[in-house]
Amino acid sequence: MEFALWYLLIPYGLIVALAGAFFFFNLFHIARYGLQSVKTGIVLLIYTITFLAVCIISVFLLGAYDWSAVIELNGLFSLSL
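Residues numbered from 1 in each chain as written. Predicted model: local features only at pLDDT ≥ 70, side-chain atom pairs only at ≥ 80, totals over all residues. Heavy atoms only, no water.

A.B. asks: I keep staring at the overall build of the protein and nothing clicks. Help me out?
C.D. replies: Counting its secondary structure elements, the protein contains two helices and two strands. Its helices and strands taken in sequence order, the protein reads β-α-α-β from the N to the C terminus. For the C-alpha atoms alone, the extent of the protein along its principal axes is close to 65 × 25 × 20 Å. Within the protein, the fraction of its 81 residues that count as buried is 9%. In the structure as shown, the protein presents an accessible area of about 6,800 Å², 78% of it carried by carbon and sulfur atoms. (Helix = DSSP H or I, 4+ residues; strand = E, 2+ residues; numbered from the N terminus. Buried < 20%, exposed > 50% of the residue type's maximum accessible area, 1.4 Å probe, protein only. Areas by Shrake-Rupley, 256 points an atom, 1.4 Å probe, with all protein chains shown as cover.)

Listed below in structure tokens is the structure:
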């Protein structure tokens, strides 16, 4: 039995979507219910830059792999004594 590596990107995409939902949730709550000062704006800016940096770095790291490769599962979990 074999499967393509790009199937592993599906859980990654779900986790990134969840992280994006949390990002916008946190961004809204910090902006809406945080103290209305320059410090809050700086925190929002740092939070946004950090989130975008993590997303960009992960795309570059994942881009280094050949996701069209196929993994053979038959011998993956067998013991060879």
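A.B. asks: Could you clarify how one ought to interpret the environment of Leu61 in this entry?
C.D. replies: For Leu61, the location among the structural elements is in helix H2 (residues 38-62). Residue classification places Leu61 among the exposed residues on the basis of a relative accessible area of 55%. Counting along the chain gives 18 residues from Leu61 to Val43, while the straight-line C-alpha distance between them is 27 Å.

A.B. asks: Explain the packing of aromatic side chains to me, please; I cannot follow it from the model alone.
C.D. replies: Both the distance between ring centres and the angle between the ring planes are used here to describe each pair of aromatic rings. For the structure on display, the rule yields seven aromatic pairs. When the ring of Trp6 is compared with that of Tyr7, the centres are 4.4 Å apart and the planes differ by 35°; the resulting orientation is tilted. For Trp6, a relative accessible area of 42% puts it in the partly exposed group. Ring plane angle 85° and centroid distance 6.4 Å describe the contact between Phe28 and Tyr33, whose orientation is recorded as edge-to-face. You can call Phe28 partly exposed: its relative accessible area is 46%. By relative accessible area, which is 56% here, Tyr33 ends up exposed. (Phe/Tyr/Trp six-rings, centres within 6.5 Å; stacked < 30°, edge-to-face > 60°.)

A.B. asks: I would appreciate a short explanation of the environment of Gly13 in the present structure.
C.D. replies: As for its position among the elements, Gly13 is in helix H1 (residues 9-33). For Gly13, a relative accessible area of 35% translates into the label partly exposed.

A.B. asks: How should the packing of H1 against H2 be read in this particular structure?
C.D. replies: For any two helices packed against each other, the geometry is given by the interaxial angle and the distance between the axes. Packing of H1 against H2 brings their axes to within 10 Å, and their N-to-C directions diverge by 170°. Taken together, the axis directions place H1 and H2 in an arrangement best described as roughly antiparallel. Judged by residue contacts, Leu9, Tyr12, Ala19, Gly20, Phe22, Phe23, Asn26, Leu27, Ile30 and Ala31 of H1 engage Thr40, Leu44, Tyr47, Thr48, Phe51, Ser58 and Leu62 from H2. Looking at the contact of H1 with H2, its residues break down into twelve nonpolar, five polar and no charged. (Axes fitted to C-alpha atoms, helices over the stretch in contact; angles between N-to-C directions. Parallel < 35°, antiparallel > 145°, perpendicular 65-115°, else oblique. Contact = heavy atoms within 4.5 Å. Nonpolar A, V, L, I, M, F, W, Y, C, P; charged D, E, K, R; others polar.)

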